[in-house]
Amino acid sequence: EDHELSDSDDDAMHEEEEEEGESRLDIRHNNFLTRVTLEALLVGHEEGITSVCWYRYSQPVYNQEHLLVSSSMDRSILLWTPDASDGIWTPLTRVGSAGGILGGSVGSSLLGYLSVALEPTRGLNMLGAAYGGSIHVWNLEGVEKYINSQQEGVIAPTD
């Protein structure tokens, strides 16, 4: 969030209390302050992250209303969802080079991915733009089938 600063605001900002465990970054530029608050730490990539995209759907996708997708220099793209029990964001699926295995031409994903996008209506296709200039498309219908089979396989308790 951006706020225009005055001289009196500078003193008031230092008096604000942070919540316990909250991480916040204040960036001052010209007469403006941009405040960034850390919402979650995503652990899953092995190299620098190059892109993060947030998706909110009107109908649940993969049984989630919110999805996050990230690309990285480790030659992988991760699709993240919050765990229903504790809200911790974990990777639902990983695409790209398995384990960051090297190989292929420079035009492939050898240098990692620059950006990523998820199909906006149902999230069943993911597109990654590699640093070498190639475009990669993954069909994620298998993820949806896996989630649905997990739900159908749940045995309800009997009396």
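What you are looking at is a predicted structure, and each value in this text was computed from that prediction instead of being measured.

Quick notes on the rules
- Residues numbered from 1 in each chain as written.
- Predicted model: local features only at pLDDT ≥ 70, side-chain atom pairs only at ≥ 80, totals over all residues.
- Heavy atoms only, no water.
- Helix = DSSP H or I, 4+ residues; strand = E, 2+ residues; numbered from the N terminus.
- Buried < 20%, exposed > 50% of the residue type's maximum accessible area, 1.4 Å probe, protein only.
- Contact = heavy atoms within 4.5 Å.
- Areas by Shrake-Rupley, 256 points an atom, 1.4 Å probe, with all protein chains shown as cover.
- Phe/Tyr/Trp six-rings, centres within 6.5 Å; stacked < 30°, edge-to-face > 60°.
- Polar contact = N/O pair within 3.5 Å; in protein donor to acceptor, adjacent residues only side chain to side chain.
- Pairing = 2+ DSSP bridges.
- Axes fitted to C-alpha atoms, helices over the stretch in contact; angles between N-to-C directions.

Q: Got a sec to walk through the overall build of the protein chain? Specific residues and values, please.
A: Summing up its helical and strand segments, the protein chain has two helices and 10 strands in all. Ordered by position in the sequence, the α and β elements of the protein chain form the string β-α-β-β-β-β-β-β-β-β-β-α. Burial analysis of the protein chain (159 residues in total) assigns 31% to the buried set. Summarising the internal contacts of the protein chain: among those between residues at least 6 apart in sequence, 42% fall at separations of at least 24. Here the protein chain displays about 10,500 Å² of accessible surface, and carbon together with sulfur accounts for 51% of that area.

Q: Can you tell me about the environment of Gly 96, naming the residues and giving the values?
A: Residue placement: Gly 96 occurs in strand β7 (residues 89–96). By relative accessible area, which is 34% here, Gly 96 ends up partly exposed. A sequence separation of 42 residues divides Gly 96 from Trp 138, and the C-alpha atoms of the two residues are 9.1 Å apart.

Q: Give me the packing of aromatic side chains: which residues, what numbers.
A: Counted under the stated rule, the structure contains two aromatic pairs. Measuring from centroid to centroid gives 5.6 Å for Trp 54 and Trp 89, while their planes differ by 50°, and the two rings are tilted. Taken together, the residues Trp 54 in strand β4 (residues 49–61) and Trp 89 in strand β7 connect sequence positions 35 residues apart. Between Tyr 113 and Trp 138 the ring centres are 5.8 Å apart and the planes differ by 70°, which places this aromatic pair in the edge-to-face class. With a gap of 25 residues between them, Tyr 113 in strand β8 (residues 113–118) and Trp 138 in strand β10 (residues 135–139) connect regions that are remote in the sequence. Each of the two residues, Tyr 113 as well as Trp 138, counts as buried.

Q: How would you summarise the side chain of Ser 76 if you had to cite specific residues and measurements?
A: Here Ser 76 shows up in strand β6 (residues 76–82). Of the polar contacts made by the side chain of Ser 76, one reaches the side chain of Asp 74; its length is 2.5 Å.

Q: Please provide a residue-by-residue account of the sheet that holds β10, values included.
A: Strand order in the open sheet formed by three strands is β8-β9-β10, and the pairing between neighbours is antiparallel. Of all strands in the sheet, those bounded by a partner on one side alone are β8 and β10. Across the sheet, the mean angle from the axis of one strand to that of its neighbour is 20°, orientation sign disregarded. Relative to β10, strand β9 (residues 125–130) runs antiparallel, the two sharing five bridges.

Q: Pulling in residues and values, what's your account of the pairing of strand β2 (residues 24–29)?
A: Across six bridges, the pairing between β2 and strand β3 (residues 32–37) is antiparallel. Across the sheet, Arg 28 pairs through a bridge with Leu 33, a residue of β3. What sits between the antiparallel neighbours β2 and β3 is a turn of two residues, in which Asn 30 has the positive phi angle 55°.

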